[in-house]
Amino acid sequence: MNGVAVLHAERFAKEHISDDLDHVDMARQVGDEHGAGHALAVTTSDAAKERGGASKGDAVAQEATHAMGEDSLHVHVSGLFPEVVRCIEGVEAGTLAQGHVADKVVPVNLHVERSWPRRASKKFTKLVLVVRLGHELLSAPEAARHRSTHVHGAAARRRLLKACPASVGWSGRLKNRSEKQRAESTMPGDLSWMQTRHDELAEGSLLWEPPTLEGPNTPRCTMEGRETIMLSANNYLNLTTHPKVVEASIAATRAYGAGSGSVRAIAGTMDLHLEAERAVADFKGAEAALIYSAGYTANVGLIPTLVQGPQDVIISDALNHGSIIDGVRLTKASRAVYGHNDMGELEAVLKQHEDAERKLIITDGVFSMDGDIAPLDDIVQLAEEHHAMILVDDCHGEGVLGEGGRGIVDHFNVHGKVEFEIGSFSKALGVQGGIMAGSELSRSHALNHSRSWLLSGSQPPGVAAAQKAAIDVLVDEPEHHRRLWDNTAYFRGELQSMGFDTGLSETPIIPIMCGPSSTAKALSSALGEEGVMAGAIVFPMVARDAARVRTQMSAGLSREDLDEVLRILERLGPKLGLI
């Protein structure tokens with residue numbers, strides 16, 4: 001806070017906020033954490049109101065401005081608020097508890113947070129003006145429209161603050177800045193929160209920085225200018241470049257055009273879409289199927305249509321995919337979570353919600369981080385006993401589990417007992433799109449109520465034709481499915497024989513468990529230097545002590561490819577303490 005004189009927090013609290021020791025202690029704490037002079041309080045508290053209300057608040061603000069000297073911030077508090085107002089210089093409210101302090105004070109936006117007096121406690125701040133650095137002041141009209149979700153750390157933990165329209169007027173000046181500098185820094189909105197989140201991710205090495213493929217996604221591909229063995233693709237059956245799939249896409253594009261021209265519900269349903277859906281249903285042994293733009297849109301569009309309100313309950317596996325979590329969040333139903341694949345806990349939760357009008361059990365089929373399989377046969381039995389519906393997300397099991405890749409329902413032979421089976425064309429089937437398979441009634445319900453289907457443009461003709469072609473290849477060429485499982489058994493067996501921990505894997509998803517995130521990152525980086533793409537999966541995607549490098553098998557990987565990777569891992573394992 002170079003050259004800036006700020007009133008001592010403790011003295012200011014005693015004189016202008018309250019004689020209450022809780023307020024004084026709070027001010028002292030801020031002073032201790034950020035330097036005694038780094039907290040500036042501006043008040044229209046009950047006491048100040050009695051001594052002149054808003055006028056007193058303005059006078060206090062001007063006193064504070066004067067004390068700060070040349071680099072000044074002038075705050076006018078308008079209206080009579082019987083709440084404490086505190087302005088913390090250089091401290092972002094969202095990071096206050098972490099002790100982040102800015103280098104200097106510049107003209108800023110003031111974000112206003114407020115909670116209603118009935119819900120507030122005298123012990124905690126009720127109205128906070130947070131100084132955000134690096135932005136011009138909002139004009140009064142802009143301020144009136146502004147909303148903020150940043151709150152003082154102590155108050156936020158107690159849910160005392162509620163975001164509201166800005167209710168203050170303010171002005172600011174910094175004499176050492178030119179008009180040109182001010183104009184260049186003006187922005188239509190405050191995006192500093194975005195930079196803060198970006199920096200937090202960067203500090204934790206959590207930013208996604210995807211490498212670039214320079215050609216098709218094949219088992220041996222070109223990535224960032226070098227030949228790479230691909231162990232991080234969902235292309236389990238290596239169908240992305242299968243000649244029949246590619247040619248079907250090209251032929252349909254030439255005959256039908258590049259796009260469909262509409263949403264499916266109005267004028268965008270082509271015979272190609274219906275042919276692909278019939279092929280999927282026949283392949284999976286289901287009555288009917290509906291194709292979505294993606295597995296994600298199938299979950300977020302369908303789940304909210306299956307329940308109505310708190311009288312219904314959704315019961316979800318603790319390790320379900322984020323698309324399921326997002327779909328559940330869009331509902332108003334009651335929610336319960338059972339331990340991962342814990343059938344005893346699932347049964348207990350079902351009994352707890354025996355009186356719910358609708359019960360919906362949701363689980364992944366294959367869990368993408370560990371490669372294990374949901375016990376769908378046991379889930380079906382519990383669902384029948386407790387009159388619950390089932391939705392299973394089998395996106396990583398489509399083309400992988402079951403006879404010839406027909407999916408988890410076929411794998412457990414529970415045909416007709418799972419109301420909604422979600423799948424994907426974007427993984428083993430090598431194309432793009434999501435699948436909902438089930439009864440004719442389930443398809444009709446999804447078609448008429450699922451907004452992500454009703455309001456999305458239909459898939460291009462070339463994609464629809466490629467979808468059907470991928471199913472045809474699975475039926476006509478079962479060797480791809482067999483080769484996938486041969487590679488899976490070989491690679492996992494060799495890893496385990498070396499001493500690597502492959503976790504719970506039962507499928508072509510084979511994690512190499514590393515423990516600390518740093519170890520997983522080091523292994524992934526070392527593999528990359530050797531020409532092997534295998535990504536590190538670290539917190540928060542998995543638990544802090546359960547980081548891993550996730551490898552994924554493909555039918556297109558040769559035995560020579562796998563042996564080359566195994567030789568590299570055998571050399572790297574001891575160096576990282578993994579074997």
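Before reading on, note that the structure itself is shown above.
Okay, so let's go over this structure. Small disclaimer: the values here were computed from a predicted structure and weren't measured. (Residues numbered from 1 in each chain as written. Predicted model: local features only at pLDDT ≥ 70, side-chain atom pairs only at ≥ 80, totals over all residues. Heavy atoms only, no water.)

As for the overall build of the protein
- Helix and strand counts for the protein come out as 22 helices and 20 strands.
- A buried classification covers 52% of the 579 residues belonging to the protein.
- Sequence separation of at least 24 residues holds for 71% of the intrachain contacts in the protein that already meet a minimum separation of 6.
- Accessible surface, the protein as shown: approximately 26,000 Å² in total, 51% of it carbon and sulfur. (Helix = DSSP H or I, 4+ residues; strand = E, 2+ residues; numbered from the N terminus. Buried < 20%, exposed > 50% of the residue type's maximum accessible area, 1.4 Å probe, protein only. Contact = heavy atoms within 4.5 Å. Areas by Shrake-Rupley, 256 points an atom, 1.4 Å probe, with all protein chains shown as cover.)

Re the environment of F367
- Counting through the fold element by element, F367 comes out in the loop between β13 (359–364) and α15 (376–386).
- When its relative accessible area of 3% is taken as the criterion, F367 is described as buried.
- Separated by 47 residues in sequence, F367 and N320 place their C-alpha atoms 7.3 Å apart.
- Setting aside residues up to four positions removed in sequence, F367 forms contacts with D317, L319, N320, H340, N341, D372, A374 and I509.

Observations regarding empty space enclosed by the protein
- Taken as a whole, this structure holds five cavities of 30 Å³ or more when the rule is applied.
- One number sums up the size of the largest cavity: a volume of about 90 Å³.
- For the lining of the largest cavity, the secondary structure elements donating two or more residues are β10 (288–292) and α18 (451–454).
- Looking at the lining of the largest cavity residue by residue, the classes come out as three nonpolar, seven polar and one charged.
- If you trace the second largest cavity, you find it lined by N217, T218, P219, M230, A233, N235, Q552, M553 and S554.
- Here the lining of the second largest cavity is built from residues that sort into four nonpolar, five polar and no charged. (1 Å grid on protein atoms, 1.4 Å probe; cavity = no way out; pocket = protein on both sides within 12 Å on 5 of 7 lines; lining within 4 Å. Points joined across faces, edges and corners; volume = space filled by probe spheres on them. Nonpolar A, V, L, I, M, F, W, Y, C, P; charged D, E, K, R; others polar.)

Remarks on unusual backbone geometry
- Cis rather than trans, the peptide bond between F539 and P540 has omega equal to 10°.
- Of note, P540 is situated in the loop between β19 (536–537) and β20 (547–552).
- Unlike most non-glycine residues, E224 shows phi in positive territory, near 55°.
- Mapped onto the secondary structure, E224 falls in the loop between β8 (220–223) and β9 (226–230).
- Given the relative accessible area of 51%, E224 is considered exposed.
- In this model, H387 sits at a positive phi of 55°, which is unusual for a non-glycine residue.

Structural notes on the sheet that holds strand β14 (residues 389–393)
- If you walk across this open sheet you meet the seven strands as β10-β16-β15-β14-β13-β11-β12, and the pairing is mixed. Two strands in the sheet have a free side with no partner beyond their single neighbour: β10 and β12 (334–338). This sheet shows a mean twist of 20° between the axes of neighbouring strands, independent of strand direction.
- The sheet strands contacting helix α11 (residues 271–284) are β10, β15 (420–424) and β16 (434–438), and the helix crosses β10 at an angle near 130°.
- Its contacts with the sheet put helix α12 (residues 295–302) on β10, β14, β15 and β16, and the angle it makes with β15 is roughly 155°. (Pairing = 2+ DSSP bridges. Axes fitted to C-alpha atoms, helices over the stretch in contact; angles between N-to-C directions.)

Digging into the pairing of β9
- Examined bridge by bridge, β8 and β9 share four bridges and lie antiparallel to one another. Residue pairing in the sheet places R220 in a bridge with I229 of β9.
- In textbook terms, the turn of a hairpin is the stretch between consecutive antiparallel strands, and for β8 and β9 this stretch comprises two residues, one of which, E224, has a positive phi near 55°.

As for helix α13 (residues 322–329)
- Listed in full, the buried residues belonging to α13 are S323, I324, G327 and V328. Along the long axis of α13, the arc covered by the buried residues comes to 140°, so they all point the same way.
- Where α13 is buried, its residues contact α12, β11 (313–317), β12, β13 and β14. (Arc of directions from axis to C-beta.)

Considering the packing of aromatic side chains
- Applying the stated criterion across every chain yields a total of zero aromatic pairs.
- Taking NZ or CZ as reference, R544 lies 3.8 Å from the ring centre of F539, over its face. (Phe/Tyr/Trp six-rings, centres within 6.5 Å; stacked < 30°, edge-to-face > 60°. Lys NZ or Arg CZ within 6 Å of the ring centre and 35° of its normal.)

Regarding the layout of surface pockets
- Here the largest pocket is characterised by a volume of approximately 1,100 Å³.
- Along the walls of the largest pocket sit 31 residues, with W208, E209, M533, G535 and A536 positioned nearest its centre.
- Looking at the lining of the largest pocket, the elements with two or more residues in it are α21 (517–529), β18 (532–533), β19 and β20.
- No other element matches α21, which puts four residues into the lining of the largest pocket.
- Here the residues of the lining of the largest pocket sort into 20 nonpolar, eight polar and three charged.
- Along its surface, the second largest pocket is lined by 17 residues, and L319, N320, G322, M369 and M541 are the ones closest to its centre.
- Considering only residue class, the lining of the second largest pocket consists of ten nonpolar, four polar and three charged.

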